[in-house]
Amino acid sequence: MNTPIALETDSLITNLKCPECGTLHNAAVINTVCINPACRSTLFAQYNLTTGINKSVLQGRPATMWRYKEFLPVTDDKNIVTLGEGFTPIIPLQNLNKFAGDNEVLWKDEAGNPTGSFKARGISAAVSKAKELGIEAIATPTAGNAGGALAAYAARADIKAIVYMPKQTPQVFKDECRLYGAQLLEVDGNISDCGKLINEHALLNNWFQVSTLKEPYRLEGKKTMGYEIAEQFNWQLPDVILYPTGGGTGLIGIWKAFDEMEQMGWIGSKRPRMVAVQSESCNGIVAAFNAGKQVSDFADGGFTIANGLRVPKPYADKQILNVLRESKGAALTISDTEMSHSLKEIARYEGMLIAPEGAALWQAFKKLKASQWIKNGEQVLMINTGSGYKYLENIDI
Ligand SMILES: *Cc1c(COP(=O)(O)O)cnc(C)c1O
Ligand SMILES: [Zn+2]
C-alpha cells in the first residue's frame, strides 16, 4: 500500500502566536484576537517549518493558492473551500514601459481571482477554517470586495453570510452579495461605522466575524501572494514591492511569507523594500510612518473611488508600520484624480482594466522614480489587487 507522506497532505500549523505579547493560542479551536485583555493584537499562525520540507513538493500542484497548503491552516483537505483563487499572473509593463527608464516594472495581477479581487485568497482561507471549526454564520464589515468574496465562498460552503457595507459603495458590490445569498445591510457611513454596528449585532446573533485582522486566517490566505512572488521570480525577490494599503493584510502577509520561506531555506535574506500606497483622503499610515509613530491616528477625509483604501484606522496599524520600517520601505498618498487618470492610462496602453487601488501604484512608481527613491535598474513589482470592472460607476469615462 502507498502510505501518503504526511508533509504532502497536512497543514504544518502548530498554534497561533501574538506578535506583541507572545501569548500562544490553540489553533484547534475558534480564535479571534489575542486573549490578553491588555493586548488584543492580531494573531499570527505558526507552522512547524523545521521539518526540512523541500520546495520541490510544489511540482505538479494545482495553480491555486492551495498549492502551499502545508502553510495554510486547514488540517483536513475536505474542508477546503476553493473557487480556483491565487496563482495569478506576473505581467510586465508593455507600452507604458517607456516611462519606466531602465527599471523592470511588473504587475502581479489579482484581477482574475474569483469575485474580481485578491480578497478571494483571504476569504477562501478564513471560510475553509471556519467550516473546519463548525462555524455556521460568518459576518464582515466591508468596503466592497471582502463582502462579495465572503458571500461567494459562504455560498460555496453552505454557510450563512452577513455583510455590512457603506451605502455609498457602487451598486455592483451590493448586487453580487445579494445574488450569492448573503444578508446585506447598507450602512450610512464608512467601514468603521459598519464595524461598530456589526459588532453589536454579531454578539446578539452569534455570528463569527472575519473583519480584517481580527480573525487570524484571512492573513494566511493573503500571505500566499508572498509564496507566489518567490516562486514566480524563481526564488529571487524583486527590489521593491508597491502595495495599496487598506487594512494592510496583504502587506503583512507577504512579509510573513518571506520570513517563513527564509526559515525553510527556500529564499535567502534579501528582502524587497515595501511601499504602502494610500488614498489622499485616508492617509493614517502614511502620516504615522512619516512622523515616526508606532500607531496611526484615525484618518477619514471622506469619499475615495478606491473604496478598498478607505480604512480610517487599520486594526493592525502597528504591524503595517513595522513591515515598512523593517524593509526600509516608504509610504505615500495618491489623489482620486491621479488614480482615475492612471486607471484610464493603464486601460488604454496596457489593455488592463484595473482597480483604482492598483492604479494608484503606477502613479506612486512615477513619483518614487522621480525622487530617485527607486533607483536605476531596480526591479519593481506592483500588486494590482482587483479588477476595475466593479468601479466604473465612479469613473468619468
Ligand atoms: C481590500 C482591498 C485593498 C486593501 O487590502 P488590505 O490588504 O486590507 O490592505 C486594496 N485593493 C483592493 C481592490 C481591495 O479590495
Ligand atoms: Zn498579545
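Residues numbered from 1 in each chain as written. Chains lettered and ligands numbered in written order. Predicted model: local features only at pLDDT ≥ 70, side-chain atom pairs only at ≥ 80, totals over all residues. Heavy atoms only, no water.

1. Focus on the overall build of the chain
The line we're drawing: Numbering goes from the N terminus for both helices and strands, where a helix is a DSSP run of H or I of at least four residues and a strand is a run of E of at least two. Computation of the radius of gyration draws on C-alpha atoms alone. For the globule rule, the value is 2.2 Å times the number of residues to the power 0.38. With a 1.4 Å probe rolled over the protein chains alone, any residue whose accessible area is under 20% of its type maximum counts as buried; one over 50% counts as exposed, and the rest are partly exposed. By definition, residues are in contact when any of their heavy atoms lie within 4.5 Å. Residue burial considers only the protein chains on display, and all accessible areas are found by Shrake-Rupley using a 1.4 Å probe.
For the chain, the count of helices and strands is 11 helices and 13 strands. Against the 2.2 N^0.38 benchmark of 21 Å for 397 residues, the chain shows a C-alpha radius of gyration of 20 Å, consistent with a compact globule. Its C-alpha atoms give the chain principal-axis dimensions of about 55 × 50 × 40 Å. For the chain, the proportion of its 397 residues judged to be buried stands at 61%. Restricting the contact set of the chain to residue pairs at least 6 apart, pairs at least 24 apart contribute 71%. Just so you have it, the chain exposes about 15,500 Å², and 50% of that area is on carbon and sulfur atoms.

2. A closer look at the UniProt feature "modified residue: N6-(pyridoxal phosphate)lysine" (unreviewed entry) in the chain
We count it as follows: UniProt positions are given in the numbering used here, feature names are shortened, and annotations may be inferred rather than shown by experiment.
Mapped onto this numbering, the UniProt entry annotates "modified residue: N6-(pyridoxal phosphate)lysine" (unreviewed entry) at Lys 119. Secondary-structure assignment places Lys 119 in helix 2 (residues 119-132). Sequence-distant contacts of Lys 119, defined by excluding residues within four places in its chain, comprise Asn 145, Ala 146, Ala 149, Arg 218 and Lys 222.

3. Looking at the site of ligand 1
Here is the rule we go by: Any residue with a non-hydrogen atom lying within 4 Å of a molecule or strand is treated as near it. Here a polar contact is taken to be a pair of N or O atoms separated by no more than 3.5 Å, where protein atoms must pair a possible hydrogen donor with a possible acceptor and residues adjacent in sequence count only if both atoms sit in side chains. Both site types are read off a 1 Å grid over the protein atoms alone. A 1.4 Å probe that fits but cannot get out defines a cavity, while an open set with protein on both sides within 12 Å along at least five of seven lines defines a pocket; lining residues have an atom within 4 Å of a point. Molecule-in-pocket calls rest on the fraction of atoms, with more than half required to lie within 2 Å of the cavity or pocket grid points. Polarity classes work like this: nonpolar for Ala, Val, Leu, Ile, Met, Phe, Trp, Tyr, Cys and Pro, charged for Asp, Glu, Lys and Arg, and polar for all others, with Gly in that last group.
Lining the immediate environment of ligand 1, one finds 16 residues, of which Lys 119, Tyr 243, Gly 246, Gly 248 and Thr 385 sit closest. Within the backbone of Gly 248, an N or O atom sits 2.6 Å from an oxygen atom of ligand 1. Interatomic distance of 2.7 Å between a side-chain N/O atom of Thr 385 and a nitrogen atom of ligand 1. In the complex, 97% of the free accessible area of ligand 1, which totals 380 Å², lies under the protein chains. One can see that ligand 1 is located within the largest pocket. Among the secondary structure elements, those contributing two or more residues to the shell around ligand 1 are strand 10 (240-244) and helix 7 (249-263). In terms of residue class, the shell around ligand 1 is made up of four nonpolar, nine polar and three charged.

4. Digging into the coordination of the zinc ion (ligand 2)
Perfect tetrahedral coordination of a metal by four donors corresponds to 109.5 degrees between them, and perfect octahedral coordination by six donors corresponds to 90 or 180 degrees. We apply this condition: Coordinating donors are taken as N, O and S atoms within 2.8 Å of the metal, stretched to 3.2 Å for Na, K and Ca; because water is absent from the atoms, sites can appear incomplete. Every geometry call rests on angle ranges, with four donors termed tetrahedral when all angles are between 85 and 135 degrees, four termed square planar and six termed octahedral when opposite donors are over 155 degrees apart and all others are between 65 and 115, and everything else termed irregular.
Within the protein, Cys 18 (SG), Cys 21 (SG), Cys 34 (SG) and Cys 39 (SG) serve as the donor atoms for the zinc ion (ligand 2), at 2.2 to 2.3 Å. What the four donor atoms of the zinc ion (ligand 2) show is an angle range of 98 to 120 degrees at the metal, which sorts the shape as tetrahedral. Each donor residue of the zinc ion (ligand 2) lies on the same chain, and together they follow the pattern C-x2-C-x12-C-x4-C. Note that Cys 21 is positioned in the loop between strand 1 (13-17) and strand 2 (24-25) and Cys 34 in the loop between strand 2 and strand 3 (44-47), a separation of 13 residues in sequence.

5. What about unusual backbone geometry?
Despite not being glycine, Asn 206 shows a phi value in the positive range, around 60 degrees. Looking at Asn 206, the relative accessible area reads 69%, which means it is exposed.

6. Some words on the environment of Pro 312
Mapped onto the secondary structure, Pro 312 falls in the loop between helix 8 (284-290) and helix 9 (317-326). A relative accessible area of 0% means that Pro 312 is categorised as buried. For Pro 312 and Ser 117, which are 195 residues apart along the polypeptide, the C-alpha to C-alpha distance reads 21 Å.

7. Some points on the environment of Lys 55
With respect to the helices, strands and loops of the structure, Lys 55 is situated in the loop between strand 3 and strand 4 (90-92). Spatially, the C-alpha atoms of Lys 55 and Trp 266 are 6.7 Å apart, while their sequence positions differ by 211 residues. With near-sequence residues (within four places) excluded, Lys 55 lies in contact with Trp 235 and Trp 266. Polar side-chain contacts of Lys 55 include one of 2.9 Å to the backbone oxygen of Trp 266.

8. Observations regarding the confidence of the model for the chain
The criterion, for reference: Values of pLDDT, ranging from 0 to 100, describe the predictor's confidence in every residue of the model.
Scored by pLDDT, the chain has a mean of 95; 98% of the residues are at 70 or more. Segment residues 1-8 is flagged for pLDDT under 50; beyond a separation of four residues in sequence, or across chains, it makes nine contacts in the model.

9. Some points on the sheet that holds strand 13 (residues 379-384)
Just so we agree on the cut-off: By the convention used here, strands pair only if DSSP detects at least 2 bridges between them. Only the stretch in contact is used when a helix axis is fitted, and all axes are lines through C-alpha atoms; the angle between N-to-C directions ranges over 0 to 180 degrees.
What the six strands build is an open sheet, ordered 4-5-13-10-11-12; its pairing is mixed. With partners counted over all chains shown, the strands left at the sheet margins are strand 4 and strand 12 (330-334), one partner each. With strand direction ignored, the average angle separating the axes of adjacent strands in the sheet is 25 degrees. One ladder, built from three bridges, connects strand 4 with strand 5 (residues 104-109); its direction is antiparallel. Bridging across to strand 5, Ile 90 finds its partner in Lys 108. Across the face of the sheet, helix 9 comes into contact with strand 11 (273-279) and strand 12 while running at roughly 135 degrees to strand 11. With respect to the sheet, helix 11 (residues 356-370) is in contact with strand 5, strand 10, strand 11, strand 12 and strand 13, its orientation differing from that of strand 12 by roughly 115 degrees.

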